[in-house]
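Breakdown of the fold
The lines below spell out each chain.
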Amino acid sequence: MTGPNRFPFSPFPTGWYCVAFSSELAVGEVRPVTVFGREAVLFRSASGRPALLDAFCPHMGAHLGHGGTVEGESVRCPMHAFRFDAAGECVATGYGTRPPPRCRGEAFPVVERCGGVFAWCGPGAPSFDVPPHDLEAFSPLRTKTWTGLRSHPQETTENSVDLGHLSVVHGYEDVAVIDPLHTDGPYLTTRYRMSRRPLVRGTPTIDARFHIHVWGLGYSFVEVDVPSHGMQTRQYVFATPTDGDTITLRIAMSFRFVSALRRLPARLLDRLVGPAMIRNYENDVSQDFDIWANKRYVHPPALAEGDGPVGKYRRWARQFYPELAIADAAE
Ligand code: FES
Ligand SMILES: [Fe+2]
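Structural notes, computed from the coordinates.

1. Topic: the overall build of the protein chain
- Tallying secondary structure elements over the protein chain gives 7 helices and 18 strands in all.
- A buried classification covers 49% of the 331 residues belonging to the protein chain.
- Across the protein chain, the fraction of contacts at a sequence separation of at least 24, relative to all contacts at a separation of at least 6, is 56%.
- Counting every atom, the protein chain has about 15,600 Å² of accessible surface; 53% of that belongs to carbon and sulfur.
- Of the charged side chains in the protein chain, 34 are positive and 35 negative, and the gap between their average positions amounts to 4 Å.

Below you can see the structure in the form of structure tokens.
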């Protein structure tokens, strides 16, 4: 069964989605990407500004992501050397003649935040923003990307409030809600705690508190405090719909110690602990993949006590499907 048939709504919910980690897109770099069921070209201009345009040159249709190059603030088409700025405007032809008025490419709204480049998917201009976070005292972000995952941003985001699966799939124990799920427009937040058997024998049981922040279905930020280990982590989950059947899933994390260990040089700590931290995070996230790849969306779900606030989450998530919003308005 393919993705779209498994979900009774668009594979492309309205919202911001990560199209690259900032560190992956150098100044002057051009790359082809598939997002929101579209072929697109991502580039970073000479001044460092990222831009995402429809891939196909409005002049005669060459793919700007294959052979296109950055010139100043524009991308240059490989076929006749027309150039396009971040707004998709044709700023020059290859012949030094006047750009034809109709020669205009489609530009996606783009912002750069928190180590990621985000593009807006949806009808019209962005209706909300994604906030920056201050990771000043934390280690440099470590990242991991999986492409071609058969899933949907609905599923990856719902997962963070699906408290029942945390013990079954991830081995968490004593999961308890600290602050109930709260929503405010495109923003959703909740706090819970859990314990877990130590990853290293002889060390204390892990006691962790999670503060979840979600903006739309593509952008999750989790503040994790682990008082048992005198540590805090900051974790991102970015799910990006690509061809309609699969998503690209990006995760990132940084950490800091609040125990005596914090006195060690930050670079040394990062070298000693960083690789294991991101590996554990990768392992945790990948435990869900097989289930995501083969499940379907059941609505209404047959919820039981112990599931967590899945019902409330679902009511919130509907706002990101333009086709459901239209149906809701007609009711
Ligand atoms: S097809 Fe792009 S400049 Fe002609
Ligand atoms: Fe999970």
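2. A short note on the pattern of salt bridges
- A complete count under the given rule lists 18 salt bridges for this structure.
- Among the salt bridges present, the one from Arg38 reaches Glu106, with a minimum N-O distance of 2.8 Å. Of this pair, Arg38 sits in strand E3 (residues 38–44) while Glu106 sits in the loop between strand E8 (90–92) and strand E9 (107–108), and the two are 68 residues apart along the sequence.
- With a closest N to O distance of 3.7 Å, Glu223 and Arg234 form a salt bridge. On the criterion of sequence distance, the pair formed by Glu223 in strand E16 (residues 219–226) and Arg234 in strand E17 (residues 231–241) is long-range, its members being 11 residues apart.
- Taken together, the shared-partner salt bridges connect Arg38, Asp54 and Glu106 into one network.

3. Considering the sheet that holds strand E11 (residues 116–121)
- Strand order in the open sheet formed by 3 strands is E1-E11-E10, and the pairing between neighbours is antiparallel. The strands lining the two open edges of the sheet, one partner per strand, are strand E1 (15–21) and strand E10 (110–113). On average, adjacent strands in this sheet sit at an angle of 35° to one another, irrespective of strand direction.
- Sheet topology note: the E10/E11 ladder contains 4 bridges and is antiparallel. Note on E11: the bridge partner recorded for Val110 is Ala119.

4. Structural notes on the coordination of the iron ion (ligand 2)
- Coordination of the iron ion (ligand 2) by the protein is provided by Asn159 (OD1), His165 (NE2), His170 (NE2), Asp288 (OD) and Asp288 (OD), with metal-donor distances spanning 2.0 to 2.5 Å.
- Written as a sequence motif, the donor arrangement for the iron ion (ligand 2) is N-x5-H-x4-H-x117-D. In this pair, Asn159 sits in the loop between helix H2 (153–158) and helix H3 (163–168) while Asp288 sits in the loop between helix H4 (266–286) and helix H5 (289–294), placing the two residues 129 residues apart along the sequence.
- With relative accessibility at 5%, the residue Asp288 sits in the buried group.

5. A closer look at unusual backbone geometry
- A cis amide bond, omega -5°, links His299 with the succeeding residue Pro300.
- For Pro300, the position within the fold is in the loop between H5 and helix H6 (310–317).
- One non-glycine residue, Phe36, lies in the positive phi region at around 55°.
- In this structure, Phe36 sits in the loop between strand E2 (30–35) and E3.
- On the basis of relative accessibility, which here comes to 7%, the residue Phe36 falls in the buried class.
- If you check the backbone angles, Asp174 has positive phi at about 50° while not being a glycine.

6. Here we look at the sheet that holds strand E5 (residues 69–71)
- Strand order in this open sheet of 4 strands is E5-E6-E7-E8, and the pairing throughout is antiparallel. Strands at the two margins of the open sheet, each flanked by one partner only, are E5 and E8.
- Bridging between strand E6 (residues 74–76) and strand E7 (residues 83–84) involves 2 bridges; their strand directions are antiparallel. When the sheet's bridge partners are listed, Arg76 is paired in E7 with Arg83.

7. Quick word on the packing of aromatic side chains
- As enumerated under the stated definition, the model contains 25 aromatic pairs in all.
- Taking 5.8 Å as the distance between ring centres and 40° as the angle between the ring planes, the aromatic pair formed by Phe289 and Trp292 counts as tilted. With Phe289 and Trp292 both in helix H5 and 3 residues apart, this pair spans about one turn of that helix.
- For Trp292, a relative accessible area of 6% corresponds to the buried category.
- What links up through ring pairs into an aromatic cluster is the set Phe21, Phe118, Tyr187, Trp215, Tyr219, Phe221, Tyr236 and Phe238.

Definitions and limits used
- Residues numbered from 1 in each chain as written.
- Chains lettered and ligands numbered in written order.
- Predicted model: local features only at pLDDT ≥ 70, side-chain atom pairs only at ≥ 80, totals over all residues.
- Heavy atoms only, no water.
- Helix = DSSP H or I, 4+ residues; strand = E, 2+ residues; numbered from the N terminus.
- Buried < 20%, exposed > 50% of the residue type's maximum accessible area, 1.4 Å probe, protein only.
- Contact = heavy atoms within 4.5 Å.
- Areas by Shrake-Rupley, 256 points an atom, 1.4 Å probe, with all protein chains shown as cover.
- Lys, Arg positive; Asp, Glu negative; His and termini not counted.
- Charge placed at Lys NZ, Arg CZ, Asp CG, Glu CD.
- Salt bridge = Lys/Arg side-chain N within 4 Å of Asp/Glu carboxyl O.
- Pairing = 2+ DSSP bridges.
- Axes fitted to C-alpha atoms, helices over the stretch in contact; angles between N-to-C directions.
- Donors = N, O, S within 2.8 Å, 3.2 Å for Na, K, Ca; no water.
- Phe/Tyr/Trp six-rings, centres within 6.5 Å; stacked < 30°, edge-to-face > 60°.

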